[in-house]
Amino acid sequence: MNADDRNILARGRVATRLPAQDLDRARRFYSEQLGLEPVDERPGGLLYRCGGSEFVVFRSTGASPGTFTQMAWEVDDIETVVSELKRRGVVFEEVDVPGFRTRDGIAEIEGNYPSKGARGERGAWFRDSEGNLLGIGEPVV
């Protein structure tokens, strides 16, 4: 087995899948609150594209546990994005645990991945209409 065989998935694109018990409700949330419209659809699924990546919201009988971040956007100005989404009715999670606390919905996170060239990150989290926990991050350089 050569290096190309071992890295077969590294050549693929990653695409997130988010479950929705009510696809029409999810479509309204993504449109009205996040300002996103599907670029394509099929029975039981909506395809969205953002910044060269894509994600699908699909009809599911199962519910999301919403206990961890399932998908996140990296933005240049988290305060502006959070402010605009709040204006549209998005409710951000408030977290206050040892070593991690949000203020006005935004947390300061120590450290970042060395390849990103940042010393930290600012993050914020909210749930979509289906209970999926979504995040927004801004690298701190």
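Below is a summary of the structure that appears in this document. In this text the structure is predicted, and so the values were computed from the model without any measurement. (Residues numbered from 1 in each chain as written. Predicted model: local features only at pLDDT ≥ 70, side-chain atom pairs only at ≥ 80, totals over all residues. Heavy atoms only, no water.)

Looking at the sheet that holds strand 2 (residues 40–42)
- As summarised here, the arrangement of the four strands in space is 1-4-3-2, forming an open sheet in which the pairing is mixed. In the strand order of this sheet, the two ends are held by strand 1 (15–20) and strand 2, each with one partner. Direction aside, neighbouring strands of the sheet carry axes that sit 20° apart on average.
- The pairing of strand 3 (residues 45–50) with strand 4 (residues 53–59) spans six bridges and is antiparallel. (Pairing = 2+ DSSP bridges. Helix = DSSP H or I, 4+ residues; strand = E, 2+ residues; numbered from the N terminus. Axes fitted to C-alpha atoms, helices over the stretch in contact; angles between N-to-C directions.)

Quick word on the nonpolar core
- In this structure, Tyr-30, Leu-34, Phe-55, Val-57, Phe-92 and Phe-126 are the most contacted members of the largest nonpolar core, which totals 25 residues.
- Counting only elements with at least two residues in this core, the list comes to strand 1, helix 2 (23–33), strand 3, strand 4, helix 3 (78–87), strand 9 (120–127) and strand 10 (133–140).
- When residues of this core are assigned to their parent elements, the largest contribution, four residues, is made by helix 2.
- Leaving out residues up to four positions away in the same chain, Tyr-30 has contacts with Leu-18, Gly-35, Leu-36, Tyr-48, Phe-55, Val-57, Asp-128 and Leu-134. (Core = buried A, V, L, I, M, F, W, Y, C linked by side-chain atoms within 4.5 Å. Buried < 20%, exposed > 50% of the residue type's maximum accessible area, 1.4 Å probe, protein only. Contact = heavy atoms within 4.5 Å.)

Comments concerning the sheet that holds strand 9
- Strand order in this open sheet of six strands is 5-10-9-8-7-6, and the pairing throughout is mixed. Only two strands of the sheet have a single partner each, and these edge strands are strand 5 (71–74) and strand 6 (96–97).
- Alignment of strand 9 against strand 10, held across eight bridges, turns out to be antiparallel. Bridge pairing in strand 10 links Gly-120 to Val-140.
- The sheet strands contacting helix 3 are strand 8 (106–110), strand 9 and strand 10, and the helix crosses strand 9 at an angle near 10°.

Structural notes on the pattern of salt bridges
- Throughout the structure, instances matching the rule amount to ten salt bridges.
- Where Glu-93 meets Arg-127, a salt bridge forms, and the shortest distance between an N and an O atom there is 3.3 Å. Taken as a pair, Glu-93 in the loop between helix 3 and strand 6 and Arg-127 in strand 9 lie far apart in primary sequence, 34 residues in all.
- Here Arg-127 falls in the partly exposed class, since its relative accessible area comes to 33%.
- Note that Glu-108 and Arg-122 form a salt bridge whose closest N and O atoms lie 2.9 Å from each other. With Glu-108 in strand 8 and Arg-122 in strand 9, the pair connects residues that are 14 residues apart, well separated along the chain.
- In the salt-bridge network here, residues are joined through shared partners; they are Glu-79, Glu-108, Arg-122 and Glu-138. (Salt bridge = Lys/Arg side-chain N within 4 Å of Asp/Glu carboxyl O.)

Focus on helix 3
- Along helix 3, the positions that sit buried rather than exposed are Ile-78, Val-82 and Leu-85. Viewed end-on, helix 3 has its buried residues packed into an arc of 70°, placing them on one side of the element.
- Those residues of helix 3 that are buried are in contact with helix 2, strand 8, strand 9 and strand 10.
- Count one or two residues on from helix 3 and you reach Gly-89, which has phi positive near 100°. (Arc of directions from axis to C-beta.)

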